[in-house]
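Each chain, letter by letter, is given below.
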Amino acid sequence: MGKDNIKAQNWDFDYISCPPDALFAKLNTSLKGLTEKEVDKRLEEYGYNEPIKKKRRTVLLQFFSKFINPLVIVLLIIAGFSISLGEKVNAILVIIMAVISVFLSFIQEYRAGREVEKLSQMVRTTATVYRNGKPKEVDIRYIVPGDIVDLFAGDMIPADLRIISCKDLFINQSALTGESFPIEKTAEPISSSKKSIGEIGNIAFMGSSVVSGTGLGVVVKTGPYTQFGVLSKKLADLTLESSFEKGIHRFTWLMIRLMIILVLVIFAINAFTKGNIIEAFLFAISVAVGLTPEMLPMILAINLSKGAISMAKKEVIVKRLNAIQNFGAMDVLCTDKTGTLTLDKIILEKYCDVVRKEDEDVLRFAYINSFYQTGLKNILDRAVLKYKKLVVKEYRKVDEVPFDFSRKLMSVVVENEGKHRMIVKGAPEEIYKRCAKFELDGEIFELDESKILLVDLKNEYDSLSAEGFRVLAIAYKDFEQPKDRYTKEDEQGLILKGYIAFLDPPKPSAKKTIETLKGLGIDFKVLTGDNELVTKKICSEVGLDIKGFANGEQVEKLSDKELQELVKSVNIFARLSPFQKERVINALHRNNHIVGYLGDGINDALALKSADVGISVNNAVDIAKESSDIILLKKSLLVIVDGVLEGRKTFGNILKYIKMGASSNFGNMLSVTGASIFLPFLPMLPIQILLNNLLYDISQIAIPSDEVDREYLLKSRPWNVNYIKKFMLIFGPVSSFFDFITFGVLLGLFGFSQELFRTGWFLESLCTQTLVIHIIRTGKIPFVESKPSQFLIFTSIYIVTIGLILPFLPLGKYFQFISLPLVYFIVLFFIVLAYLFSVQIIKKWFIKKYGYE
C-alpha cells in the first residue's frame, strides 16, 4: 500500500453535530458494521490505523551517526594528515580517542533505548468491531473509517470515534487533555462550535480509555488523522538541538577558527624564516593537534556516562546522554499536573454537612449508596468504598433507581428497623431541584419559597468547587408507607444531607521537590490541560505561589512576541492544548531559558520534545516515553533534584577541562608563534608537541572523578562561550608570559642549544599545564579549601613525574630529549610556583569581575 495514494480523511460534513442516521449515510455504514470486502477497500483508500513515527535507525547507522561531530571530524582530518606525513603512531592515538568517545556515547544511549523498549507495553492492541453484522476482535491497525466499535470498561479507544449509543460511559482522556476526572460521554449530537477536546462530549479520542460503562461508536478518523496522529506527525517532523549541543558546537567552532588562524600564521612564519616548507607544514599540523581539545569528546562521553550510571543507581533511565547537562543547566522546569504533580488517582477528600463541617453520617449515606448500587461502579463510587470500610449489614437493600444522563443522579432504597429510606447521590444542581428541606446538626429545616436559603446552600457548594474539588451532593427521603418498587418520581421532596468532595491529590514528594528546586535557582511553572479551579487547588497544596495565571484561550489569542512577554510573569497555565504547551516552551526558549518539561501523557509529547530536557515517568504513555530524554522509575519527584545536582556536577567537570585546555593550549600556541619569530630553529619538534599533548591529556582522564564544590551546585549554569573566550584570552597569555620567562632563562643559561631549549620548554609546559587544573577546578580562594579527587591528584603527580624523568631515560632519546643540569630544575620549580601563584591572583580578580562558571 503506497503512502502517496492514501486518501485524506477531511470530511465534508460535521460529524460532531450530525445525527446518527445521517452519520451512517455519510460514512456509508450501519449498525451491522462493514463487510470484510469493504474493509479491504478502505484500508487501500485510507491506510492503516497507525500514527506516523520516525523510522528507527539500524544499530550500525546509530553508531556511525555519532561521528558526525565537528570535533570528531577535526580529529579524523588531523589523523589523516598525520598518516600522510608518516606520523602513524600519533594518527592511531587520535583515532582511538575519537572512537572511544563515540563508542561510550553510543553504548549508553543504545542501552537506555533498550530499557525504554522494555518499558513500552501496549495495554491493548485489539478492539471489538462489527464485521458482516457480527462482533469480531481485530488488531487496531486494521480499523477503518465507518467501523462500528464496541466499548467496555478497560478498553483503549482504538481510533477517534463518534459515540452513537452509550450507558454510564466514562472516558479517561487525561493523557490527551490533562483533566483529572473521567469525562461523561453522550450519544447526542452537540454544537460543533465547541472546539476544545474537553468540551466535545460525543467523541472518544484515540489513546484515551474507558473507565466505566458501555458504548458503541463509529470510527470517524484513523491513523495520522486522529488527534493522537496529528501529534505523532508533528513529533516525527520535529528535530531540535538542545542548549548543550548548541554550546558544544559554539565552543568547537571557536577553537576550530582559532586553530585555523594560528596554524596558518605559524606555518607562514616558519616557512618564511626557516625555509623548509615540509618541516614548517609538519610543525603546523602538530600545533593544530596541540590546539585541538581532542580529549573533549572522550571527556564529555566519560563525564556524561558517569552521570548516567550514577542516575541509573537512583532508578533513572537516561535515554540521551546530553540531557544530563541540560538537566543541570535548566533554570525553568515546566510540568503537567495530572500524574506528575498528582497521583493520578481519585480519592475521597471531604465528607461534610451543608455548612462544610465534617459529618460521619454523610460518609455513611454515601457508602450505603455506592455499596448497594448494582450498576457499573464508577471511579467516584470506588473512591467512596475504598476510603473506609463500613459495616452496613443492618441496612437491607429494597430497590434502586439507576443513574441516567438526564437526571445525573442515582438512588438506592434501604430498609432499617422496618422503615424505607431513599439515599440519593448526584450532581448538586440536580439534587437542589428535588430538595424541600435540609439537615444541619441533626435538625431538619424547611427551604423557604423565596429560595434564599437554597442560594446560601449553593454558595457552600460553590466554595468547595472553587477549591478544585469534584463535588457530589447527598440527600435522602424517608417513606412512611413502604413500597415494593420505587421510581425517579419518588426523588422529590428530598432532605439535603451534605456533600462528598473528591480530588486527585498531590504526590507526597511534590511540595518538597518544588521547595528544593527553588533553592537551586529553578523557576517552576505548571502547564496543564485541566481546569483552572483544580489547578489552583493543587498548586496551593504543593506550596506553589501563583504569580500569574493564564488559560489556553488567552494563549491562543497572543502573538509569539506577546506570549514571550506573558511567560515572564505567569507561572500557572491551565486548559492548554498540546500545541499551546509547545508554544509556551518555545517562548521560554526565546527568553534565553534552559527549559525542562515533566509530563506523562499524549498531550505532553510535543512539550517533552521541544524542551531542552524532557522528563517522563515509567507509567507514562508510550509516546511520552519516546519523546523524553530521561525516564523516572521511582514515584518520588525528589529524584529530579538528584538529576539536577548530577547534571551540574557533570557540567562542572566538563568545564574544568574546557577552561584549562582552551587557555593552556592557546597560551602554548602564542608561545610557539613568538618563539618561531625570533628563534632560528623550531621551539619544539612535532613529535615533542604531540607527546606533551598526549601526557597532558592522560592527566585529565581523572577529571570525571573529581569533586565539585557545593556552592557551584546551587546555581544553574548554561553554556557561556563568551565566558570561556574571556577565560582563554586572559589566562592563555599568562601561561605564555611564563613560557617567555622560561625561554629567557634557557637562552641565558644555555645559549642557542636546540636540544636543551626544547627539553627545558617541554618540561615547563607539561608541569604548568598539568598542575594548573588544581587552581582552575574550583572557585574557592585559596584553592586548597577545595579537595580534588584522589585519582586527579594521582594522575597529576604521575604525569609530572614521567615528564621530569623522561629526559634521563633511554626512551627520551627517541623524542630527542637530553639531560638537563640540576640548576634548571631549581629554576623550573620557582617558575612553576610563580605561575601557579599568579594564576591564583588573576583568578580572584577574574571571578570578582566575571563570576565563576
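Residues numbered from 1 in each chain as written. Predicted model: local features only at pLDDT ≥ 70, side-chain atom pairs only at ≥ 80, totals over all residues. Heavy atoms only, no water.

1. Quick word on the overall build of the protein chain
A count of helical and extended segments in the protein chain gives 30 helices and 23 strands. Principal axes of the C-alpha set define a box for the protein chain whose edges measure 125 × 65 × 45 Å. Counting across all 853 residues of the protein chain, residues that qualify as buried make up 56%. At a minimum sequence separation of 6, the contacts of the protein chain that also span at least 24 residues come to 75%. Here the protein chain displays about 36,300 Å² of accessible surface, and carbon together with sulfur accounts for 58% of that area. Mean positive and mean negative side-chain charge positions of the protein chain (106 and 96 charges, respectively) differ by 6 Å. (Helix = DSSP H or I, 4+ residues; strand = E, 2+ residues; numbered from the N terminus. Buried < 20%, exposed > 50% of the residue type's maximum accessible area, 1.4 Å probe, protein only. Contact = heavy atoms within 4.5 Å. Areas by Shrake-Rupley, 256 points an atom, 1.4 Å probe, with all protein chains shown as cover. Lys, Arg positive; Asp, Glu negative; His and termini not counted. Charge placed at Lys NZ, Arg CZ, Asp CG, Glu CD.)

2. Comments concerning the sheet that holds strand E22 (residues 613-617)
Read from one edge to the other, the open sheet built from eight strands follows the order E8-E23-E22-E21-E9-E18-E20-E19, with strand pairing classed as mixed. Since the sheet does not close on itself, it has two edges, and those belong to strand E8 (316-318) and strand E19 (549-551), each with one partner. The sheet shows a mean angle of 20° between the axes of neighbouring strands, direction not considered. Both E22 and strand E23 (residues 630-632) contribute to a ladder of three bridges, which runs parallel. Along E23, the bridge assignment pairs valine 617 with leucine 632. Lying on the sheet, helix H20 (residues 578-590) is in contact with strand E9 (332-335), strand E18 (523-527), strand E20 (572-574) and strand E21 (595-598); it crosses E21 at an angle near 155°. (Pairing = 2+ DSSP bridges. Axes fitted to C-alpha atoms, helices over the stretch in contact; angles between N-to-C directions.)

3. Comments concerning helix H23 (residues 638-678)
In this model, H23 (41 residues) spans 61 Å end to end at C-alpha, consistent with the 60 Å of a helix rising 1.5 Å per residue. H23 sits mainly inside the fold: 34 of its 41 residues count as buried. (Expected span 1.5 Å × (residues − 1).)

4. Description of the packing of aromatic side chains
Counted according to the given criterion, the structure contains 36 aromatic pairs. On the numbers, 6.2 Å between centres and 70° between planes, the contact of tyrosine 432 with tyrosine 461 is edge-to-face. Linking tyrosine 432 in helix H14 (residues 428-433) with tyrosine 461 in helix H15 (residues 452-466), this pair joins segments that are 29 residues apart in sequence. Assigned by exposure class, tyrosine 432 and tyrosine 461 land together as buried. (Phe/Tyr/Trp six-rings, centres within 6.5 Å; stacked < 30°, edge-to-face > 60°.)

5. Here's the deal with the confidence of the model for the protein chain
Confidence in the prediction of the protein chain, expressed as mean pLDDT, is 84, and 91% of residues score 70 or more. A low-confidence stretch, residues 119-124 (pLDDT under 50), is modelled with 13 contacts involving residues beyond four sequence positions or located in other chains. (pLDDT = per-residue confidence, 0-100.)

6. A short note on the pattern of salt bridges
Applying the stated criterion across every chain yields a total of 33 salt bridges. The partner of glutamate 415 in a salt bridge is arginine 396, with the nearest N and O atoms 2.3 Å apart. Taken together, the residues span a long stretch of sequence, with glutamate 415 in strand E12 (residues 409-416) and arginine 396 in strand E11 (residues 396-401) at a distance of 19 residues. One salt bridge connects glutamate 565 with lysine 568, and the closest N-O pair in it is separated by 3.0 Å. Highlighted residues: glutamate 565 and lysine 568, both in helix H19 (residues 560-569), separated by three residues, approximately one helical turn. Relative accessible area serves as the criterion here: at 48%, glutamate 565 is assigned to the partly exposed category. Relative accessible area serves as the criterion here: at 53%, lysine 568 is assigned to the exposed category. (Salt bridge = Lys/Arg side-chain N within 4 Å of Asp/Glu carboxyl O.)

7. As for the packing of helix H24 (residues 686-699) against helix H26 (residues 754-771)
For the pair H24 and H26, interaxial distance at closest approach is 10 Å and the crossing angle is 20°. Between H24 and H26, the angle falls in the class roughly parallel. Along this stretch, H24 crosses H26, giving a crossing that reads as right-handed. Residue-level contacts link Gln688, Leu691, Asn692, Leu695, Tyr696 and Ser699 of H24 to Arg758, Phe762, Ser765, Leu766, Gln769 and Thr770 of H26. (Parallel < 35°, antiparallel > 145°, perpendicular 65-115°, else oblique. Left-handed = near helix turned anticlockwise from the far one by under 90°.)

8. Let's talk about unusual backbone geometry
For the peptide bond that leads from isoleucine 781 to proline 782, omega is -5°, which places it in the cis range. Within the element layout of this structure, proline 782 appears in the loop between helix H27 (773-776) and helix H28 (790-805). The backbone of lysine 408 sits at a positive phi, close to 60°, despite the residue not being glycine. Note that lysine 408 resides in the loop between E11 and E12. Positive phi, normally seen in glycine, also occurs at glutamine 816, with a value near 65°. Inspection of the secondary structure assignment puts glutamine 816 in the loop between helix H29 (810-814) and helix H30 (822-850).

9. Looking at the environment of glutamate 417
Mapped onto the elements of the fold, glutamate 417 is located in the loop between E12 and strand E13 (419-426). When the C-alpha atoms of glutamate 417 and alanine 366 are compared, they prove to be 19 Å apart, with 51 residues separating the residues in sequence.

10. Considering a nonpolar patch on the surface
A contiguous nonpolar surface patch, about 370 Å² in accessible area, is contributed by Leu76, Ile83, Ile95, Val99 and Phe103. Secondary-structure elements contributing two or more residues to the nonpolar patch are helix H4 (70-84) and helix H5 (88-119). The topology assignment puts phenylalanine 103 in helix H5. Judged by its relative accessible area of 43%, phenylalanine 103 falls in the partly exposed class. (Patch = residues over 30% accessible without salt bridge, like charges linked within 9 Å, V, L, I, M, F, W, Y side chains within 5 Å.)

11. Comments concerning the pairing of E22
On a regular strand, each side chain points to the face opposite its neighbour's, so the side chains alternate between the two faces of the sheet. Of all the five residues making up E22, five are buried; the element is thus mostly covered by neighbouring parts of the structure. Going residue by residue along E22, you find Val613, Ile615 and Val617 tucked away on one face and Gly614 and Ser616 tucked away on the opposite face as well.

12. Quick notes on the side chain of threonine 795
Tracing the sequence through the fold places threonine 795 in helix H28. Setting aside residues no more than four positions away along its own chain, threonine 795 makes contact with Ser699 and Ala702.

13. Focus on the side chain of serine 796
Within the secondary structure, serine 796 is located in helix H28. Not counting the four nearest positions on each side in its chain, serine 796 is found in contact with Thr770, Leu771, Ile773 and His774.

14. Quick word on the nonpolar core
Counting 142 residues, the largest nonpolar core has Phe251, Phe573, Leu632, Ile640, Ile658 and Trp719 as the members making the most contacts within it. Broken down by element, this core gets its largest block of residues, 15 residues, from H23. Within the second largest apolar cluster, 29 residues are counted, among which are Leu409, Val424, Leu454 and Val471. (Core = buried A, V, L, I, M, F, W, Y, C linked by side-chain atoms within 4.5 Å.)

15. Quick look at the environment of glycine 217
Relative to the helices and strands, glycine 217 resides in strand E7 (residues 209-221). According to the relative accessible area criterion, glycine 217 is buried, its value standing at 0%. The spacing of glycine 217 and isoleucine 148 is 69 residues in sequence and 5.7 Å in space, taken between C-alpha atoms.

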